[in-house]
Amino acid sequence: MEKVKSFTFKVAKTADSNSKQLKAQNGVALAGCSLKELFPGAYDYACAQPAHGDGAWC
Amino acid sequence: MSENVLIITNSADLHADIMVSLLKDEGMNSFRIDLDAFPRDFEISKEIHQNQFRASIRHIPSSTEIDFNDIGAVWTRKPADFTFLSDDLINQEKAYADQETDHVLNSLLYSLDCYWMNHPLAVRSALWKGEQSIRAAKMGFKIPMSLITNKPESVRQFVEEVKDEVIFKAMSSPFLGAEKVAEDEQVVTGLGTTIVTDDHMQNVASVKEVPCYFQEYIAKKFELRVTIIGDHVFAAKIHSQQSELTKIDFRDFSAEIQYESFDLTDEMNVRCRDFVHSYDLQYGAMDIIVTPDDEYVFLENNPGGEFLFVQQLVPEFNMMETLANYLIKGAKCYSSKN
């Protein structure tokens, strides 16, 4: 199970935080995302993925 | 006639839905490009003849079209992955399609000489949290002690020096790349701001794998979300200490905590505005801690930060209307020059 190698992932696997806590309540618009890059390319678009459109934050 | 507003976003953007309606009510035309439907649902054309540039874009489903010479303002909102006619492009063809479409789109947009809220280049330059802290300190903000490193020994030293608690957070995205892999491949789904514990420090050698961002934990009386729209400053007081769920990271919306309007000092008001404008941004959403000693500590600025949730929680903030007015004014100003 413990295949992760980075400190970040090791913390994430043990921390209380998870996606349920990170998601906003229905009806409350998304909280303060940082735009990684405005348009697709070699960057990360976490905040805008439709899959997280119900209240993802960053 | 340049009195049109171009909105660049994705189809899930509620902010844009509302803005289109507001602009319409004010008699302002808008054209929306949802990047998650681009280029599939759009016809684009750009011609350069004898040094004259002409470009247009048509939204096929609605049969609406706009000439790029008629765009007076652009509101850049949210990104998305492109969608193509075929959803089964082979990997290399898909990679090329993405990069070529990116190039085409930016060739169109960067050619626009108009009002921007915000220009992509300004957003790009303003993103980096490690740089933001240095700039904020130069501009008079207090900032937390922080460390970005892939050296385990530096982390140990930092934890010793700070004495009080140390927090850890991802600089790029709290989803930790989860959205980039299939659900059954996700080993973690996210990580908010987290207090570093002795248990975590048992794994400190693993910072060698990927650089990490540590900060001294700043005790909070409350937090501020300061949203800058043009020259307008909206400061929301977030009573994050009312719930255990939001004490460390206020962005847990399962907790019902109070938000209210807050009067910044004149000095802080100007400093926040100047900070955002220093990047040539017209919009920014800043996170600031107010300590029990009433000191203001800068955390970060989000050049594409959301604001509708603030307006929903602090109804007297007319942020959407203010932003609409900037777009309208910007478009009309550009129109009068051309």
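That block above? That's the structure.
Residues numbered from 1 in each chain as written. Chains lettered and ligands numbered in written order. Predicted model: local features only at pLDDT ≥ 70, side-chain atom pairs only at ≥ 80, totals over all residues. Heavy atoms only, no water.

### A word on the overall build of chain A
Okay, step 1: Counting its secondary structure elements, chain A contains two helices and zero strands.
Okay, step 2: Among the 58 residues that make up chain A, the fraction classed as buried is 62%.
Okay, step 3: Within chain A, residue pairs in contact and separated by at least 24 positions form 53% of the contacts whose partners lie at least 6 positions apart.
Okay, step 4: Entry remark: accessible area of chain A is about 2,500 Å², with carbon and sulfur atoms responsible for 51%. (Helix = DSSP H or I, 4+ residues; strand = E, 2+ residues; numbered from the N terminus. Buried < 20%, exposed > 50% of the residue type's maximum accessible area, 1.4 Å probe, protein only. Contact = heavy atoms within 4.5 Å. Areas by Shrake-Rupley, 256 points an atom, 1.4 Å probe, with all protein chains shown as cover.)

### Structural notes on the sheet that holds strand β4 (residues 52-59) of chain B
Residues and elements named next belong to chain B.
Okay, step 1: Here three strands make up an open sheet; going across it, the order is β3-β4-β5 and the pairing antiparallel. Both edges of this open sheet fall to β3 (42-49) and β5 (64-67), since each of them pairs with a single strand only. Put simply, the sheet's adjacent strands are angled 10° from each other on average, direction ignored.
Okay, step 2: Pairing analysis gives eight bridges linking β3 to β4, with the strands arranged antiparallel. (Pairing = 2+ DSSP bridges. Axes fitted to C-alpha atoms, helices over the stretch in contact; angles between N-to-C directions.)

### A short note on the packing of aromatic side chains
All names here are of chain B.
Okay, step 1: Applying the stated criterion across every chain yields a total of 15 aromatic pairs over all chains.
Okay, step 2: Note on Phe-82 and Phe-84: the rings are 6.5 Å apart at their centroids and 70° apart in plane angle, and the pair reads as edge-to-face. Each member of the pair Phe-82 and Phe-84 is classed as buried.
Okay, step 3: Counting every residue linked through ring pairs, the aromatic cluster contains Phe-31, Phe-38, Phe-42, Phe-82 and Phe-84.
Okay, step 4: Lying over the aromatic face of Tyr-279, Arg-135 brings its terminal NZ or CZ to 3.7 Å of the ring centre.
Okay, step 5: The ring of Phe-222 is capped by Lys-237, whose NZ or CZ atom sits 4.4 Å from the centre of that ring. (Phe/Tyr/Trp six-rings, centres within 6.5 Å; stacked < 30°, edge-to-face > 60°. Lys NZ or Arg CZ within 6 Å of the ring centre and 35° of its normal.)

### A look at the nonpolar core
Residues and elements named next belong to chain B.
Okay, step 1: One finds Met-19, Met-117, Leu-323 and Leu-327 to be the most contacted residues of the largest nonpolar core, which totals 36 residues.
Okay, step 2: At the level of secondary structure, the elements contributing two or more residues to this core comprise β1 (4-9), α1 (14-25), β6 (73-76), β7 (115-117), β13 (232-238), β15 (283-290), α8 (308-313) and α9 (319-337).
Okay, step 3: No other element matches α9, which puts eight residues into this core.
Okay, step 4: Ignoring anything within four residues of it in the chain, the contact list for Leu-323 reads Met-19, Trp-75, Met-117, Ile-229, Tyr-283 and Phe-307. (Core = buried A, V, L, I, M, F, W, Y, C linked by side-chain atoms within 4.5 Å.)

### Focus: the sheet that holds strand β8 (residues 146-149) of chain B
All names here are of chain B.
Okay, step 1: In spatial order, the strands read β8-β11-β9-β10; together these four strands make up an open sheet with antiparallel pairing. On the outer flanks of this sheet lie β8 and β10 (194-195), each paired with one strand and no other.
Okay, step 2: Pairing analysis gives two bridges linking strand β9 (residues 166-169) to β10, with the strands arranged antiparallel. Among the inter-strand pairings, Ile-167 is bridged to a residue of β10, identified as Ile-195.

### What about the pattern of salt bridges?
All names here are of chain B.
Okay, step 1: One pass over the full model with this rule turns up 17 salt bridges over all chains.
Okay, step 2: Put simply, Asp-17 and Arg-32 hold a salt bridge, and the shortest N to O gap is 2.5 Å. One end of the pair, Asp-17, is in helix α1; the other, Arg-32, is in strand β2 (residues 29-34), and 15 residues separate them in sequence.
Okay, step 3: Where Glu-306 meets Arg-77, a salt bridge forms, and the shortest distance between an N and an O atom there is 2.8 Å. (Salt bridge = Lys/Arg side-chain N within 4 Å of Asp/Glu carboxyl O.)

### Thoughts on the pairing of β8(B)
All names here are of chain B.
Okay, step 1: Residues Leu-147 and Thr-149 point to one face of β8 and are all buried, whereas Ser-146 and Ile-148, pointing to the other face, are not buried.
Okay, step 2: Pairing of β8 with strand β11 (residues 212-216) involves four bridges; the strand directions are antiparallel. Looking at the pairing, Leu-147 lines up with Phe-214 of β11.

### Description of the pairing of strand β16 (residues 296-302) of chain B
For a regular strand, side chains alternate in direction, first toward one face of the sheet and then toward the other.
Residues and elements named next belong to chain B.
Okay, step 1: For β16, the tally of buried residues reaches seven of seven residues, placing the bulk of the element in the interior.
Okay, step 2: Sheet topology note: the β15/β16 ladder contains six bridges and is antiparallel. Bridging across to β16, Ala-285 finds its partner in Asn-302.
Okay, step 3: Counted between consecutive antiparallel strands, the loop separating β15 from β16 contains five residues, among which Asp-294 sits at a positive phi close to 65°.

### A short note on helix α2 (residues 91-109) of chain B
Residue and element names in this part refer to chain B.
Okay, step 1: Here α2 is 19 residues long and its end C-alpha atoms lie 27 Å apart, about the 27 Å a rise of 1.5 Å per residue gives.
Okay, step 2: Regarding α2, the residues found buried are Ala-97, Thr-101, Asp-102, Leu-105, Asn-106, Leu-108 and Leu-109. Seen from one end, α2 has its buried residues packed into an arc of 155°, which puts them on one side. Exposed residues pointing more than 90 degrees away from the buried face of α2 are listed as Gln-92, Gln-99 and His-103.
Okay, step 3: Buried residues in α2 make contact with β1, β3, β4 and β7. (Expected span 1.5 Å × (residues − 1). Arc of directions from axis to C-beta.)

### A few points about unusual backbone geometry
Residues and elements named next belong to chain B.
Okay, step 1: Along the chain, Phe-38 connects to Pro-39 via a cis peptide bond; the corresponding omega equals 0°.
Okay, step 2: Among the secondary structure elements, Pro-39 is positioned in the loop between β2 and β3.
Okay, step 3: Cis peptide bonds are those with omega within 30 degrees of zero, and the linkage from Met-117 to Asn-118 qualifies with -5°.
Okay, step 4: Topologically, Asn-118 is positioned in the loop between β7 and α3 (120-126).
Okay, step 5: One non-glycine residue, Gln-50, lies in positive phi territory at about 45°.
Okay, step 6: Relative to the elements of secondary structure, Gln-50 occurs in the loop between β3 and β4.
Okay, step 7: Among the residues examined, Gln-50 registers a relative accessible area of 78% and is labelled exposed.
Okay, step 8: In the Ramachandran plot, Lys-163 falls in the positive-phi region, its phi being about 70° despite a non-glycine side chain.
Okay, step 9: Note on placement: Lys-163 falls in the loop between α5 (152-162) and β9.

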